[in-house]
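Residue strings, one per chain:
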Amino acid sequence: MKKFSTNSVAWGDILVTALAPVIWGSTYIITTQFLPPDRPFTAALIRVLPAGILLLLMTRRLPQFSAWPRLLLLAALNIGFFQALLFVAAYRLPGGLAAVVGALQPLLMIVLVWVFDQRKPGMPVIFAAITGVLGMAALLLGPGSVWDPVGIAAALSGTACMAVGTYLSRRWNIALPVLAFTGWQLLLGGLILLPLACLFDPPLPVLTPVNIVGYAYLCVIGALFAYVLWFRGVARLPTVAISSLGLFSPLTAVLLGWIFLGQTIRGLSLAGLLMVLLSILAVQWLSKPAAPRK
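Residues numbered from 1 in each chain as written. Predicted model: local features only at pLDDT ≥ 70, side-chain atom pairs only at ≥ 80, totals over all residues. Heavy atoms only, no water.

As named in an unreviewed UniProt entry, the protein chain is EamA family transporter, taken from Undibacterium aquatile. Quoted verbatim from the Sequence similarities (unreviewed entry) heading of the UniProt record, the comment on the protein chain is "Belongs to the EamA transporter family." (UniProt positions renumbered as here; feature names shortened; annotations may be inferred.)

*Asks:* Break down the environment of F248 for me, with residues and values.
*Replies:* Note that F248 resides in helix α12 (residues 248-260). For F248, a relative accessible area of 21% corresponds to the partly exposed category. Spatially, the C-alpha atoms of F248 and I23 are 9.0 Å apart, while their sequence positions differ by 225 residues. With residues near it in sequence (within four places) discarded, F248 still touches A18, P21, V22, L277 and I280. (Helix = DSSP H or I, 4+ residues; strand = E, 2+ residues; numbered from the N terminus. Buried < 20%, exposed > 50% of the residue type's maximum accessible area, 1.4 Å probe, protein only. Contact = heavy atoms within 4.5 Å.)

*Asks:* Pulling in residues and values, what's your account of the packing of helix α1 (residues 11-24) against helix α10 (residues 209-236)?
*Replies:* One can describe the packing of α1 onto α10 by two numbers: an axis separation of 8 Å at closest approach and a directional angle of 145°. α1 and α10 meet at a crossing whose hand is left-handed. Residue-level inspection shows D13, V16, T17, L19, A20, P21, I23 and W24 of α1 in contact with α10, the latter providing Y217, I221, G222, F225, A226, Y227, L229, W230, R232, G233 and R236. Split by residue class, the contact of α1 with α10 holds 13 nonpolar, 3 polar and 3 charged. (Axes fitted to C-alpha atoms, helices over the stretch in contact; angles between N-to-C directions. Left-handed = near helix turned anticlockwise from the far one by under 90°. Nonpolar A, V, L, I, M, F, W, Y, C, P; charged D, E, K, R; others polar.)

*Asks:* Outline the nonpolar core, listing residues and values.
*Replies:* Across soluble globular proteins, nonpolar side chains have a tendency to be buried as a group. The biggest cluster of nonpolar side chains holds 83 residues, and the ones touching the most others in it are L186, Y227 and W230. What Y227 contacts, discounting residues up to four positions off in sequence, is W24, N78, I79, F82, Q83, T182, L186 and G222. (Core = buried A, V, L, I, M, F, W, Y, C linked by side-chain atoms within 4.5 Å.)

*Asks:* An account of unusual backbone geometry is needed here, citing residue identities and associated values.
*Replies:* At R60, a residue that is not glycine, the phi angle is positive and equals roughly 50°. Assignment of secondary structure puts R60 in the loop between α3 (40-59) and α4 (68-92). Phi is positive for N173, close to 50°, though the residue is something other than glycine. Along the polypeptide, N173 turns up in the loop between α8 (149-172) and α9 (178-200).

*Asks:* Can you tell me about a nonpolar patch on the surface, naming the residues and giving the values?
*Replies:* A surface patch of nonpolar side chains, amounting to about 530 Å² of accessible area, comprises W11, L274, L278, L281 and W285. Here the nonpolar patch takes 4 residues from helix α13 (residues 268-286), the largest share from any one element. With respect to the helices and strands, the residue W11 is situated in helix α1. (Patch = residues over 30% accessible without salt bridge, like charges linked within 9 Å, V, L, I, M, F, W, Y side chains within 5 Å. Areas by Shrake-Rupley, 256 points an atom, 1.4 Å probe, with all protein chains shown as cover. Salt bridge = Lys/Arg side-chain N within 4 Å of Asp/Glu carboxyl O.)

*Asks:* Describe the packing of aromatic side chains, with residues and values.
*Replies:* Given two aromatic rings, their pairing is described by the distance between the two centres and the angle made by the two planes. Scanning the entire structure with this criterion turns up 7 aromatic pairs. Put simply, the rings of W24, F181, Y227, W230 and F231 touch in pairs and so form one group of aromatic residues. (Phe/Tyr/Trp six-rings, centres within 6.5 Å; stacked < 30°, edge-to-face > 60°.)

*Asks:* So, the environment of T252: which residues are in play, and what are the values?
*Replies:* Summarising the element assignment, T252 is placed in helix α12. Along the sequence, T252 and T27 sit 225 residues apart, while their C-alpha atoms lie 9.7 Å from each other. In this view, T252 contacts P21, V22, G25 and S26; residues no more than four positions away in its chain are not counted.

What follows is the structure, given as structure tokens:
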């Protein structure tokens, strides 16, 4: 079996890609402070469908006929199922507990690469990924954490969907420019979310200016801009390395809670923050860069 090796790291691509999970880290505060309550599928739908339409109007590129089944599966995993589960977890769980579950994604990616690509990870990579999970737990879990079963199941399922979707996006390498590749996934994912929003969410109330700002931010910044950066990174970075960047999302959520909601970071939490940052850096450093998508 091949092993992950230490090589020069494309730090520019890493920094650009890391902006996506940093932006996604604002999802919890936007959901709780800006959006109408108890409408997870509607929030996911408004986030992705208009962004997909805008990107496709800009690119006007059709995928090859043979690529449609794979593209539909990627849209379901990366966008439709993931966004639905993400907002269910966001409404039902404290951001900290959902973030700890999401921190399992690098470990899931290591298993996928090991099993299907026959690329055995070195112990330093495994140790770094486990350190990230432990650091996230130290940072965010506390005695008052609410273990809502539905929320936990949604967070676990969403993490698994994103891990598999990211892995397949890199493995299949569908022949589309990044903007069109992102646009089609957002559009198809939005169409998957449409019946869920109609069937299970109550109708939207009259939207306040704060609601409109929240939805607009999630759509333009949180979907259109962030997903373009993410799929650009998927095409250029190793799958395990890019999955570890997802840890920036809960870190951002913690910092936003500290800045805007008066939440504290000290003692064990501060040590956990340092562990997570070191874990991200270690996985990037130990992962071998992949050839970029043309």
